[in-house]
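Residues per chain are reported as follows:
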Amino acid sequence: MPQIIFFVAVGIVAFVGYRAFVREAERVTAKIRRAEQQQKTGANGTLVKDPETGEYRVARD
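This write-up is about the structure you can find in this document. Owing to the predicted nature of the structure, the values given are computational and were not obtained by experimental measurement. (Residues numbered from 1 in each chain as written. Predicted model: local features only at pLDDT ≥ 70, side-chain atom pairs only at ≥ 80, totals over all residues. Heavy atoms only, no water.)

Right, let's talk about the overall build of the chain for a bit. Helices and strands together make up the secondary structure of the chain, namely one helix and two strands. Secondary structure elements of the chain occur, N-terminal to C-terminal, as α-β-β. Compactness check: the chain gives a C-alpha radius of gyration of 20 Å against a globular reference of 10 Å for 61 residues, more than 25% above the reference. Taken over the C-alpha atoms alone, the chain extends approximately 60 × 30 × 10 Å along its principal axes. Within the chain, the fraction of its 61 residues that count as buried is 0%. One way to put it: in the chain the 10 positive side-chain charges average out to a point 4 Å from where the 7 negative ones average out. (Helix = DSSP H or I, 4+ residues; strand = E, 2+ residues; numbered from the N terminus. Rg over C-alpha atoms; globule rule 2.2 N^0.38 Å. Buried < 20%, exposed > 50% of the residue type's maximum accessible area, 1.4 Å probe, protein only. Lys, Arg positive; Asp, Glu negative; His and termini not counted. Charge placed at Lys NZ, Arg CZ, Asp CG, Glu CD.)

Okay, here's the thing in structure tokens:
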């Protein structure tokens with residue numbers, strides 16, 4: 001019985017680690033694609049609108 005609990009715990013940790021890895025990989029890929037697109041168009045950053053003031057500012061990564 002303890003072996004089953006151990007393997008279930010290892011499986012859960014592996015699944016959570018895999019999901020975190022995939023999420024980070026998607027974030028980095030999106031950042032790289034934004035940078036490539038900015039370089040292609042000659043832009044200096046992506047503008048986002050501040051909902052409180054209505055002003056546009058350069059997005060932070």
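A few words on helix α1 (residues 2–41). For α1, which comprises 40 residues, the first-to-last C-alpha distance of 59 Å matches the rise-based estimate of 58 Å (1.5 Å per residue) to within 8%. Downstream of α1 by a residue or two, Gly42 has a phi angle that is positive, lying close to 80°. (Expected span 1.5 Å × (residues − 1).)

Let us look at the pattern of salt bridges. Going through the model one piece at a time under the given rule, you end up with two salt bridges. Close ionic contact of Arg27 with Glu24 constitutes a salt bridge, the shortest N to O distance being 2.6 Å. On the criterion of helical spacing, the pair formed by Arg27 and Glu24 is a turn pair, its members being three residues apart in helix α1. Overall, the relative accessible area of 44% leaves Arg27 in the partly exposed class. (Salt bridge = Lys/Arg side-chain N within 4 Å of Asp/Glu carboxyl O.)

The next subject is the environment of Ile32. Note that Ile32 resides in helix α1. Exposure remark for Ile32: the relative accessible area of 46% places this residue in the partly exposed category. With 10 residues separating them along the chain, Ile32 and Gly42 place their C-alpha atoms 15 Å apart.

What is shown is where atoms sit, not what they do.
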